[in-house]
Amino acid sequence: MHLLQLFDLSLIARANEPALEWQGTTYTFGELETRSNRVAHALRARGFVKGDRLCVYLANRVELIDLFLACVKLGVIFVPINILYRDRERKHILDDAQPRALIDAQSLPEPHNDATRPVTALDGETPAAIIYTSGTTGASKGAILMHNNFLANAVNLTTCWQITDRDRFLLALPLFHIHALGNGVHTWLASGCRMRLLERFDHRTAIDEFLDFQPTLFFGVPTVYVRLLETPREIAQTIGARMRLFVSGSAPLPAHGLEQFRTLFGHTILERYGMTETFMNCSNPYAGERRAGTVGPPLPGISVRVEDGELYVKGPNVCAGYWRREGAFLTADGWFRTGDLASISDDGYVTLHGRRSDLIISGGFNIYPREIEELLLEQRGVAEAAVIGVPDEVRGEVPVAYIVGDAADEDLSRICREQLASFKVPRRFVRVDSIPRTALGKIQKHLLPR
Ligand code: MLC
Ligand code: AMP
């Protein structure tokens, strides 16, 4: 099977039903089908053929969905870029992915008149997307995501979370990540439910969107749920009464947050765990016990094991490897090493205990300290630099930089703002006489003064 055959349950079978609400306009599934056909013809006219890469640098909007569907229809590999990335971060992806074109808000394709669906040979092994995810070296790597990976994930989540065409789905997460694209867009198109898409989650307007749209289904990262705790009680109860399921993932959901949310909204958030390379691995059950502090048992078809404290996964969800990266992607016996430290209870619930690497997750966005350290070390007046994540009530963690040298904080802050996505800019610069290191020169971040 390939993705279009899944999407046709909605694009064709529910052609006249409302599909997408975007900025006050409602599109039917049939309209999305013809819109994306027109965009596919426009891409074809620009020379796109199966296997080409298309980079998109766009915030959430209906055209981003058109472009994704057009790529699927042509067998073109969709490469979304985080809209918060600056030139330096974007250049790395463009150099690596070697796309036929980059589309941003200024260069959206002019749709062609032809509204028929283009015919391309596709199957489960066709790559559908490459999503860049921070590698441990600081430079991000592109995970090659096949039709089969998206399918396995969509079918799992639609079934296990009982998503149906009766749902009303509010999606406010960015479509350039696996959370909104792989889980959000795909369960929407698999189930044929009605989705309202927001440009982004803005805590100042989110409540109004909930009250106006009256969703039954919502996906968030923990920061979103922390923000929603500010909702007045009566309004929270109104929203909760209509809601069927709140799901959280992409970063750890603090147990006290879960408890406060239950008291306020009357719902136990369902926590699940995934990563770009593997889509969703584990999920707390829809019907059984949603155990605080755990991410639940593995999803159907997925095996997990813990070796030397680290979680390994195997299944149809695991992607094909990294784009243009040689070297073994899986262990000799076919397991993917997640880098997440974990334990598994006797009844199969997985608990995460942090990461083997020093990855920082802030508001659900990944930050590799090494990337910031490299930029700081390029600056005059910086002899040594180390970046760590410090706890933050709202975002989970935020980056803080330790510096040896006499560069001014304002200059370092300005350079980081110019060259890095806003969530990577260190919140503080701490001066130290030296960075603690092992005898072999490796930085000992846990010894930095807090
Ligand atoms: C944040 N900003 C955005 C943005 N999110 N700008 C454009 N689009 C977005 N989606 C910018 C703001 O402009 C601001 O910049 C800064 O970030 C903080 O904004 P805020 O309003 O204070 O946001 P906050 O309430 O903290 O909420 C942030 C957030 C965002 C939760 C909405 O972090 C977010 O959308 N996170 C989701 C990330 C995600 O989907 N991760 C999934 C990865 S996949 P400035 O310049 O003013 O500072 C994965 C696998 C898995 O991990 O398991 O899912
Ligand atoms: P990414 O590389 O952006 O796909 O992020 C994947 C990482 O996010 C995983 O390896 C985990 O470390 C983290 N993650 C995702 N879901 C959860 C969760 N529910 N709890 C804790 N960490 C999570």
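Above: the structure in question.
Residues numbered from 1 in each chain as written. Chains lettered and ligands numbered in written order. Predicted model: local features only at pLDDT ≥ 70, side-chain atom pairs only at ≥ 80, totals over all residues. Heavy atoms only, no water.

## As for the overall build of the protein
Formally: Per the convention used, a helix needs a DSSP run of H or I reaching at least four residues, while a strand needs a run of E reaching at least two, with both numbered from the N terminus. C-alpha atoms define the radius of gyration, and 2.2 Å times the number of residues to the power 0.38 defines the globule rule. Residue exposure (1.4 Å probe, protein chains only): buried if accessible area is under 20% of the type maximum, exposed if over 50%, otherwise partly exposed. Here the accessible surface of atoms and residues is derived via Shrake-Rupley with a 1.4 Å probe, and residues count as covered only by protein chains that are part of the display. Only four residue types enter the charge count, namely Lys and Arg as positive and Asp and Glu as negative; His and the chain termini do not. Note on charges: their place is set at NZ of Lys, CZ of Arg, CG of Asp or CD of Glu.
Check the secondary structure of the protein and you find 12 helices and 22 strands. In terms of overall size, the protein behaves like a compact globule, its C-alpha atoms giving a radius of gyration of 22 Å where 450 residues would be expected to give roughly 22 Å. With the C-alpha coordinates aligned to their principal axes, the bounding extent of the protein is approximately 65 × 55 × 50 Å. Buried residues in the protein amount to 55% of all 450 residues. Here the protein displays about 18800 Å² of accessible surface, and carbon together with sulfur accounts for 50% of that area. Averaging the positions of the 50 positive and the 53 negative side-chain charges in the protein gives two centres separated by 1 Å.

## Examining the site of ligand 2
This is how the line gets drawn: What makes a residue near a molecule or strand is one non-hydrogen atom of that residue sitting within 4 Å of it. Polar contacts, as used here, are pairs of N or O atoms within 3.5 Å; protein pairs need one atom able to donate a hydrogen and one able to accept it. Residues neighboring in sequence count only if both atoms are side-chain atoms. Lys, Arg, Asp and Glu make up the charged group, whereas Ala, Val, Leu, Ile, Met, Phe, Trp, Tyr, Cys and Pro make up the nonpolar group; the residues left over, Gly among them, are polar.
For ligand 2, the set of nearby residues contains 16 residues, the closest of which are Arg272, Thr276, Asp340, Arg355 and Asn366. The separation between a nitrogen atom of ligand 2 and a polar main-chain atom of Ser250 is 3.1 Å. Arg272 places a main-chain nitrogen or oxygen 2.8 Å from a nitrogen atom of ligand 2. For ligand 2, whose accessible area on its own is 500 Å², the fraction buried by protein is 91%. Where the shell around ligand 2 is concerned, the elements lending two or more residues are β12 (270-275) and β17 (350-355). A total of five residues in the shell around ligand 2 trace back to one element, the largest contributor, which is β12. Among the residues forming the shell around ligand 2, the class breakdown is seven nonpolar, five polar and four charged.

## Quick look at the site of ligand 1
The environment of ligand 1 is made up of 23 residues, and the closest members are Arg227, Ser250, Arg272, Gly363 and Arg395. Arg272 has a polar side-chain atom sitting 2.7 Å from an oxygen atom of ligand 1. Contact distances for ligand 1 include 2.5 Å between an oxygen atom and a side-chain N or O atom of Arg395. Computed on the free molecule, ligand 1 has an accessible area of 1000 Å², of which 80% lies beneath the protein chains in the complex. For the shell around ligand 1, the secondary structure elements donating two or more residues are α6 (178-191), α8 (222-228) and β12. Considered class by class, the residues forming the shell around ligand 1 number 10 nonpolar, nine polar and four charged.

## Observations regarding the side chain of Lys424
We apply this condition: Contacts were defined at the residue level, with two residues in contact if any of their heavy atoms lie within 4.5 Å.
Along the chain, Lys424 turns up in the loop between α12 (409-419) and β22 (429-431). Of the polar contacts made by the side chain of Lys424, one reaches the side chain of Glu89; its length is 2.6 Å. Discounting chain neighbours no more than four positions away, the residues touching Lys424 are Tyr85, Glu89, Ile367, Glu371, Ile372 and Pro399.

## Digging into the packing of aromatic side chains
Worth spelling out the cut-off: Here the aromatic set is Phe, Tyr and Trp, taking the six-membered ring for Trp, and pairing holds for ring centres within 6.5 Å; pairs whose planes are under 30 degrees apart are stacked, those over 60 apart are edge-to-face, and all others are tilted.
Across all of its chains, the model carries 18 aromatic pairs by this definition. Centroid distance Phe150 to Phe279: 4.9 Å. Interplanar angle 75°. Geometry classified as edge-to-face. Of the two residues, Phe150 is situated in helix α5 (residues 147-160) and Phe279 in strand β13 (residues 279-283); the sequence distance between them amounts to 129 residues. Here the aromatic rings of Phe261 and Phe265 are separated by 4.3 Å at their centres, their planes lie at 10°, and the arrangement is stacked. Here Phe261 and its partner Phe265 are both found in helix α10 (residues 255-265), four residues apart, which amounts to about one turn of the helix. Its relative accessible area of 1% is what places Phe261 among the buried residues. Through a chain of ring-to-ring contacts, three or more aromatic side chains come together here, namely Phe210, Phe218, Tyr225, Phe246, Phe261 and Phe265.

## Quick notes on the sheet that holds strand β16 (residues 336-344)
How we decide: Note on pairing: two strands pair once DSSP finds at least 2 bridges between them. Angles run from 0 to 180 degrees between N-to-C directions of axes, and those axes are lines fitted to C-alpha atoms, restricted for helices to the stretch in contact.
With antiparallel pairing, four strands are arranged side by side in an open sheet as β14-β15-β16-β17. One side of each edge strand has no neighbouring strand; the edge strands of this open sheet are β14 (303-307) and β17. For this sheet, the mean angle separating the axes of adjacent strands, direction not counted, is 50°. In this sheet, strand β15 (residues 310-314) lies alongside β14 in antiparallel orientation, the contact comprising five bridges. Note that in β15 the partner of Val304 across the bridge is Val313.

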